Each structure stands twice: as structure tokens, then as C-alpha cells.
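Residue strings, one per chain:
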Amino acid sequence: MGRLVLLWGAAVFLLGGWMALGQGGAAEGVQIQIIYFNLETVQVTWNASKYSRTNLTFHYRFNGDEAYDQCTNYLLQEGHTSGCLLDAEQRDDILYFSIRNGTHPVFTASRWMVYYLKPSSPKHVRFSWHQDAVTVTCSDLSYGDLLYEVQYRSPFDTEWQSKQENTCNVTIEGLDAEKCYSFWVRVKAMEDVYGPDTYPSDWSEVTCWQRGEIRDACAETPTPPKPKLSKFILISSLAILLMVSLLLLSLWRLWRVKKFLIPSVPDPKSIFPGLFEIHQGNFQEWITDTQNVAHLHKMAGAEQESGPEEPLVVQLAKTEAEFPRMLDPQTEEKEASGGSLQLPHQPLQGGDVVTIGGFTFVMNDRSYVAL
């Protein structure tokens, strides 16, 4: 039967379309759905938005040569007709039908009913346990080309696991006897025989099993623990932070040690003003230019001045004498023995005479004194 459907399927669709056009039918805003329940009952429903408050009538036949019969078992929605139930037990015929508004057809078509097969739910489901496996059996349906699917899961599974066979004798292995499992079963029509528009059956009731014994229910799926920071990541972060801290500390200590062992060299610009700014480091030119300038330094025991020291330029006065004064030998002996030096009152000779702080100096021409 099923293989015959596969051979004639394409021809039926072409025939149905031709018949719909030949009878002048048109889908005037009408949508239909066909379900063939277990090769027993055909349900045809429609959604006619254009005729939402109109009682449409359904006319049908199973043979193209017969006259149309009107539906006797209508489905109602909000008090208006919305479908029809037909007895078609074990029939693989073509259904010809017409939906009408009075005598005016609003939808006419023909469909092969088995293309919309929906098998009934499995009955008499039984479970046979042996160690870590279970065999699920049920009563096979009276027609073939079906798949019997068993789905199962434990509270630790996020999705249902599935296994299916051509007969209702499905064995599932690799189960944990300590876990609680939920099972349910359904039947599907093979697509390569009945086409892609069939419907799977409704699921059977859920059955829970643990250690080969039936349970009322399995525990709820445990909530997955919140993600925690890995100890490895935490330890690695602390180690990296410690290494960076030690590196910065080592660089700082190295700079302190270098500064202690290799003190900074003073800049000669502050000691020799003008040597680099004016003479570009030429010491001979600088000393020649500055030999007439004398700096006055503080004497020992003198009071500290508040302001910075300034160079004292001593203007020399010319004397009549051209040669330096000669000291008396007795004076030299007294000076050597530690006695006080007594200068004679005769005029000094040999150059310019300079008197500063009670001392008198004789300077040659072009000389300078630094105090």
C-alpha cells in the first residue's frame, strides 16, 4: 500500500490541481489543513478569513465518478463551521472536496489522504531492564513503513536522547543504574514512503525509572553551578603581579646603587662662567679674557652675608717704585721662628700698592688678587 502511494503521488497532485481548475475552484482567502488519523478518520479544517462569519459547507467524494456528498459531522468555531470529520478507515484513496458558500465554490481540490497520515500513539508500552540497558516494547500498529522512536533523559542531561527502530522493540544501552531516567515513545511515518507532509503521533505518557524500578518522577534538573574563578588563573595573576613588582623594585634599587657608586659629574659651566657660552670651551682664550678679574671670598670667621658673593674688582694705583721691597734678614728669622712680622715704614717699591683689611700689597703691572 505504501509503495503504491509513492508511485502514484506525483500523478495525484497533478490530477488534483487539474480538477480544481477544471471545476472552476479558487482559493479565495481560504487555507486548509488535512490530517488522516491512523488511517481511520480524515479531518479537513479551513481558515476562511474572508468568510469569518459565514457557515461554509463541505462536499466530498472518494471516487472521481461519484456525486458529491455533504459533510454530516462539522467542526465549529465561534458558532460557525470550520472543518469536517470523515470516516475513511483503511482507505488510501484520493479525497475530492469542495468548500462552498451556499452554491458558490470558494475552494476546490483533491488530495491523497495517506500523505497526511498521523499514526496513533503507542499503546501497552513496557520496559525490560538488564544491568545498564533497557528494552522498550509496545503494540505494533496494523500497517507498516513506520518508525518507533524512544526518547530518554536524566536530570543531568540538557537534551533528550533518541533512538528509533522499524518495530516497537527498542533497546537502549549504556545507562547508569544509579540515575533516574524519563522515557516516552511515539510513532512516525517514513518520509520516503508517505511523503514529507505526515505528522508524528502524540507522545506517550512519561515514565520514570531508577535501578529497574518505576518512580513517580525524577528529581529536577540540578542547576549548573555558577562559574568560579579558576585557582590556576588566580595564582597566575598573583604571580605575574609579584614579578612586575619585583622588577620595578629592582630597577629602582639599581638606579639608587648606580647613583651611589657613580656620582654625577658637576657641570663646568657653573664653575667657569663664559668658558662654554662665549669661548666654546677654549680655556686659553677664557683665562686671557678673565685674568684681570678677581673674586672676593669671605674670610675665615667673617659673618655670613645674606646675598650671593660678587666678584670684587680692585683698581690698582701706580707707585713710583718699580721693584718689590726687600725684606730684612732679621725679619725673615723672626718670621721663621713664629714671631710677628713687622713691616718697615719705608715706602714699598716695585709696582702698584694695594691696601685691603689692614694689609698692604705690592702688585706688578697686569696682576690681580683673589680674596
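Residues numbered from 1 in each chain as written. Predicted model: local features only at pLDDT ≥ 70, side-chain atom pairs only at ≥ 80, totals over all residues. Heavy atoms only, no water.

Going by an unreviewed UniProt entry, the protein carries the name Cytokine receptor-like factor 2 and comes from Homo sapiens. Turning to the protein, the UniProt record has this under Function (unreviewed entry): "Receptor for thymic stromal lymphopoietin (TSLP). Forms a functional complex with TSLP and IL7R which is capable of stimulating cell proliferation through activation of STAT3 and STAT5. Also activates JAK2. Implicated in the development of the hematopoietic system." (UniProt positions renumbered as here; feature names shortened; annotations may be inferred.)

This paragraph deals with the environment of Ile99. Note on placement: Ile99 falls in strand β7 (residues 94–101). Between the C-alpha atoms of Ile99 and Gln70, which are 29 residues apart in sequence, the distance is 9.9 Å. Excluding residues that lie within four positions of it along the chain, Ile99 makes contacts with Val30, Ile32, Trp46, Leu56, Thr57, Phe58, His104, Pro105, Val106 and Phe107. (Helix = DSSP H or I, 4+ residues; strand = E, 2+ residues; numbered from the N terminus. Contact = heavy atoms within 4.5 Å.)

This part is about the pairing of strand β12 (residues 146–153). Counted residue by residue, β12 has 7 buried out of 8 residues, so it is predominantly covered. For β12 and strand β15 (residues 180–189), the ladder comprises 8 bridges, and the chain directions are antiparallel. Across the sheet, Leu146 pairs through a bridge with Ala189, a residue of β15. As defined by bridge partners, β12 adjoins strand β13 (residues 161–165) across 5 bridges and the pair is classed as antiparallel. The residue of β13 that forms the bridge with Glu149 is Gln164. (Buried < 20%, exposed > 50% of the residue type's maximum accessible area, 1.4 Å probe, protein only. Pairing = 2+ DSSP bridges.)

Looking now at the UniProt feature "transmembrane region" (unreviewed entry) in the protein. Taking the UniProt record as the reference, the feature "transmembrane region" (unreviewed entry) is found at residues 232–252. Strand forms 0% of residues 232–252 and helix 100%; the C-alpha atoms that close the span are 30 Å apart.

Judged by pairing direction, the sheet is antiparallel, and its 5 strands sit side by side in the order β13-β12-β15-β16-β17 without closing on themselves. Looking at strand neighbours, the two that pair on one side only are β13 and β17 (213–215), the edges of this open sheet. Along the sheet, successive strands turn relative to each other by an average axial angle of 35 degrees, direction set aside. With 3 bridges connecting them, strand β16 (residues 207–210) and β17 associate as antiparallel partners. Its bridge partner being in β17, Gln210 is matched across the sheet by Glu213. (Axes fitted to C-alpha atoms, helices over the stretch in contact; angles between N-to-C directions.)

Now for the sheet that holds strand β4 (residues 69–70). Spatial ordering of the open sheet is given by β4-β3-β7-β8, a layout of 4 strands whose pairing is antiparallel. The open sheet has two free edges, formed respectively by β4 and β8 (104–112), since each of these has just one partner strand. Bridging between strand β3 (residues 57–61) and β7 involves 5 bridges; their strand directions are antiparallel. Counted as the bridge partner of His59 is Ser98 from β7.

All right, on to the state of the cysteines then. In the structure shown here, the tally under the stated rule is 3 disulfides. Across a sulfur-sulfur distance of 1.9 Å, Cys71 and Cys84 are joined as a disulfide pair. Between Cys71 and Cys84, the S-S torsion sits near 100 degrees, and that sign places the bridge as right-handed. Taken together, the residues Cys71 in the loop between β4 and β5 (74–77) and Cys84 in strand β6 (residues 80–87) connect sequence positions 13 residues apart. When sorted by exposure, Cys71 lands in the same class as Cys84, which is buried. Paired through a disulfide, Cys180 and Cys218 show a sulfur-sulfur distance of 1.9 Å. Torsion about the S-S bond of the Cys180 and Cys218 cystine: about -75 degrees, corresponding to left-handed handedness. Residue Cys180 is found in strand β15, and its partner Cys218 is found in the loop between β17 and α3 (231–261); the two are separated by 38 residues along the sequence. The same class applies to Cys180 and to Cys218, which are both buried. For the protein, numbering the cysteines in disulfides from first to last along the sequence yields the connectivity 1-2, 3-4, 5-6. A disulfide-free cysteine, Cys208 has its sulfur positioned 4.0 Å from the sulfur of Cys218, the nearest such atom. (Disulfide = S-S within 2.5 Å.)

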